[in-house]
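Architecture and fold: a report
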Amino acid sequence: MRGFWDFRGGFTSMAIVLIPITIAINTGLHFITVALNLPIYLDTIGTILAAILAGPWVAAVVGLLTNVVIGLVTTPTAIPYGLTNAAIGITAGALVYFGLYRHIWGAAVAGLVLPLVGATISAPITVVVFGGASGTGSDAVTAFFLATGDTLVGAVLKAGFLVALIDKMISSIFAYLVAKNIPSTYMAKFPGVTRDRKPAVA
Amino acid sequence: MAGPTRLLFQPGGSLIHRVHPATKLLYAVAMTAYGIVLDQVLPLLALAGLSVLVIAVGGVFRAFVRTTFRYLVVLFVFLFIIRGLFYDPGGAETFSVGPLDLKPAGVVFAVEMSLRITAMVGAFLAVILTTHPADLVQAIEQLGASPRVGYIVLATLQLTPEMVDRARRIMDAQRSRGLRTEGSLLIRTRGLFPLVAPLFYGSLMSVEAKAMALTARGFFSQRKKTHIRSLGMFAWEPGFRIALVALLPILIGFRVAGWL
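Computed from a predicted structure; not experimentally measured. (Residues numbered from 1 in each chain as written. Chains lettered and ligands numbered in written order. Predicted model: local features only at pLDDT ≥ 70, side-chain atom pairs only at ≥ 80, totals over all residues.)

Structural notes on the overall build of chain B
- What chain B contains, in helices and strands, is ten helices and two strands.
- Order of helices (α) and strands (β) in chain B, N terminus to C terminus: α-α-α-α-β-β-α-α-α-α-α-α.
- On C-alpha atoms alone, chain B measures out to a radius of gyration of 24 Å, which is more than a quarter above the 18 Å that the 2.2 N^0.38 rule sets for 260 residues.
- Based on the C-alpha atoms only, the size of chain B along its principal axes is roughly 60 × 60 × 30 Å.
- Taking the intrachain contacts of chain B between residues at least 6 apart in sequence as the baseline, contacts between residues at least 24 apart amount to 76%. (Helix = DSSP H or I, 4+ residues; strand = E, 2+ residues; numbered from the N terminus. Rg over C-alpha atoms; globule rule 2.2 N^0.38 Å. Contact = placed C-beta atoms within 7 Å.)

Section: the overall build of chain A
- Along the backbone of chain A there are seven helices and zero strands.
- The globule rule puts the C-alpha radius of gyration for 202 residues at 17 Å, and the 17 Å found for chain A is close to it.
- Considering only C-alpha atoms, chain A reaches an extent of 55 × 35 × 35 Å along its principal axes.
- When burial is assessed residue by residue, chain A has 61% of its 202 residues classed as buried. (Buried ≥ 20, exposed ≤ 12 C-beta atoms within 10 Å, placed from the backbone.)

Observations regarding helix α9 (residues 193–216) of chain B
Residues and elements named next belong to chain B.
- Spanning 24 residues, α9 covers 36 Å between terminal C-alpha atoms, matching the ideal 34 Å at 1.5 Å per step.
- At Val-207, α9 shows its strongest bend, of approximately 25°.
- Positive phi shows up at Gly-218, right after α9, with a value of about 75°. (Expected span 1.5 Å × (residues − 1). Bend = angle between axes of the 7 residues up to and from the residue.)

Looking at the interface of chain A and chain B
- Tallying the contact residues gives 47 residues for chain A and 57 residues for chain B.
- Within the residue set of the side of chain A that touches chain B, elements represented by two or more residues are α1 (13–35), α2 (45–73), α5 (138–147) and α6 (152–180) of chain A.
- Element by element, the count of residues in the side of chain A that touches chain B is highest for α1 of chain A, at 18 residues.

Here's the deal with the packing of α1 of chain A against helix α7 (residues 147–176) of chain B
- Between α1 of chain A and α7 of chain B, whose axes approach to 7 Å, the crossing angle comes to 35°. At the point where α1 of chain A passes α7 of chain B, the crossing takes the right-handed sense.
- Tallied by class, the residues present in the contact of α1 of chain A with α7 of chain B amount to 18 nonpolar, four polar and three charged. (Axes fitted to C-alpha atoms, helices over the stretch in contact; angles between N-to-C directions. Left-handed = near helix turned anticlockwise from the far one by under 90°. Nonpolar A, V, L, I, M, F, W, Y, C, P; charged D, E, K, R; others polar.)

Thoughts on the confidence of the model for chain A
- For chain A, per-residue confidence averages 87 on the pLDDT scale, and 97% of positions sit at 70 or higher.
- Element-level pLDDT for chain A is lowest in α5 of chain A, with a mean of 82, against a maximum mean of 95 in helix α3 (residues 82–97) of chain A. (pLDDT = per-residue confidence, 0-100.)

Some thoughts on the environment of Ala-164 of chain A
Residue and element names in this part refer to chain A.
- With respect to the element layout, Ala-164 can be found in helix α6.
- Once the C-alpha coordinates of Ala-164 and Ile-19 are considered, the two residues, 145 residues apart in sequence, prove to be 23 Å apart.
- For Ala-164, the contacting residues outside a window of four places in its chain are Pro-115, Gly-118 and Ala-119.

Description of the nonpolar core
Residues and elements named next belong to chain A.
- Core analysis: the largest hydrophobic core is formed by 132 residues, its most contacted members being Leu-18, Leu-49, Ile-52, Val-58 and Tyr-101.
- The biggest single contributor to this core is α2, with 19 residues.
- Filtering out sequence-adjacent residues up to four positions away, Tyr-101 remains in contact with Ile-52, Leu-95, Val-96, Gly-106, Ala-107, Ala-110, Tyr-176, Ala-179, Ala-200 and Val-201. (Core = buried A, V, L, I, M, F, W, Y, C linked by C-beta atoms within 7 Å.)

A short note on the environment of Leu-162 of chain A
All names here are of chain A.
- Turning to its location among the elements, Leu-162 is positioned in helix α6.
- Of the residues examined, Leu-162 has 15 C-beta atoms within 10 Å and is grouped as partly exposed.
- Considered as a pair, Leu-162 and Ser-138 are 24 residues apart in the sequence and their alpha carbons are 8.5 Å apart.

What to know about unusual backbone geometry
Residue and element names in this part refer to chain A.
- Phi at Leu-42 takes a positive value of approximately 60°, unusual for a residue other than glycine.
- For Leu-42, a count of 23 C-beta atoms within 10 Å gives the class buried.
- Even without being glycine, Arg-197 reaches a positive phi, approximately 60°.
- By the element assignment, Arg-197 lies in the segment after α7 (184–187).
- Note on Arg-197: 7 C-beta atoms within 10 Å, which makes it exposed.

Focus on the packing of helix α3 (residues 41–57) of chain B against helix α5 (residues 104–130) of chain B
Residue and element names in this part refer to chain B.
- Their axes nearest at 8 Å, the elements α3 and α5 cross at an angle of 25°. By the criterion of interaxial angle, the relationship of α3 to α5 is roughly parallel. The crossing of α3 and α5 is left-handed. Contacts from Val-41, Leu-44, Leu-45, Leu-47, Ala-48, Ser-51, Val-52, Val-54 and Ile-55 of α3 reach α5 at Val-111, Glu-112, Leu-115, Arg-116, Thr-118, Ala-119, Gly-122, Ala-123, Leu-125 and Ala-126.
- Each residue belonging to the contact of α3 with α5 can be placed in one class, and the counts come to 14 nonpolar, three polar and two charged. (Parallel < 35°, antiparallel > 145°, perpendicular 65-115°, else oblique.)

Digging into the confidence of the model for chain B
Residues and elements named next belong to chain B.
- Within chain B, residue pLDDT values average 85, and 92% of them lie at 70 or more.
- Taken element by element, chain B is modelled with least confidence in strand β1 (residues 95–97), mean pLDDT 68, and with most confidence in α3, mean pLDDT 94.
- Confidence drops under a pLDDT of 50 for residues 1–5, and excluding neighbours within four residues, the segment shows eleven contacts in the predicted structure.
- Note on the complex model: pTM 0.81, ipTM 0.81.

Observations concerning helix α4 (residues 104–130) of chain A
- Counted at 1.5 Å a residue, the expected span for α4 of chain A with its 27 residues is 39 Å, and the 37 Å between its end C-alpha atoms agrees.
- Residues Ala-107, Ala-110, Gly-111, Leu-114, Pro-115, Gly-118, Ala-119, Ser-122, Ala-123, Thr-126 and Phe-130 of chain A constitute the buried set of α4 of chain A.

Focus: the environment of Ala-86 of chain A
- With respect to the helices and strands, the residue Ala-86 of chain A is situated in helix α3.
- Sequence-wise, Ala-86 of chain A and Thr-66 of chain A are 20 residues apart; in three dimensions their C-alpha atoms are separated by 9.2 Å.

See below:
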């Protein structure tokens, strides 16, 4: 059984094939939310599911490449935020490692932790790379916080967290519900990793 | 949705199309580095101009405008609002245009940043628009990346349009079974899970078959692999690469000396 920090051990043939599929799912989900005209993206469900099935490092690759691919096919400015999604992948992997995805309440707690990490990594990218704007819906929220007297970093940070909170909460719970229904015999074929070596999802 | 269903690559025979992908990648990285080093309106304007010129020479200017320009304009408008109207670390100095109180330092910053982003995004788009993804991946592999990286990137680009089609089919199927996908925000949100779950289960089923197919074709073999495509290079390209790299310390020197 491998440990949390085992980078190479996660990249089995099953995991290598899982990566493009979860990235494409992230993009497909993005399509669904756009088609339903919802103000959320859900494009981290694939990343969280990769964390459940194949551990933090595979999930980090899924997160990073999701943005690279979105950058290659539509919006190149998404690429720097690949770092954010890589961090979300590693964080989700850690939450899985400590068994949070065994219960729906654990998945809800994860839904609070993930946007916190996401906003913390995104804010410096928005400020340093793009000077404070990101070209997304959170810019209007940023302008609001600036108008109420916040600093630029503070406003970008708060706006990022608020906009991501609902998105990541729904994503986290959906990932849990999807993973719960995967047969355990199929789960066992993936190189997932938990601290107590029991299944990642109960 | 026109977006992720189609690749950005535009086939063509221009000079830019025929340059080796590694040279183009180096150009994009170099342009990004130049953009970070420069910080005055005029040099940045020249850089953005050069970036757009390369796109025009590649014959992909229309594709650039169609795919990215609209998105960049939104970004620039928000940049202008956030920096020009609300945020200025420099001081309280403002001037009025109609009903707006503008902060001069913020406006200059927004213009510089917009030019910088145009230069960088334009440089990368020039590469993506004129290089076939398979050639790009092969060039990256020749630079020393693992074939696994190549497989992941290419398979993703191939699967993405497929997955968007699958999402569309699932949506139609669930609608025909009576799923409500229109109405209030709550109704539309409740309709999400019946769309998300089939997308996952359908794709997860194919993982094992694909993994076995790769193994059976010797993908995980340790021996050196050969390629079916070959990449050509112009005689001037090695020199051009050195020039791209050499320009960076020169620009840094000019910046430190205060000439730029």
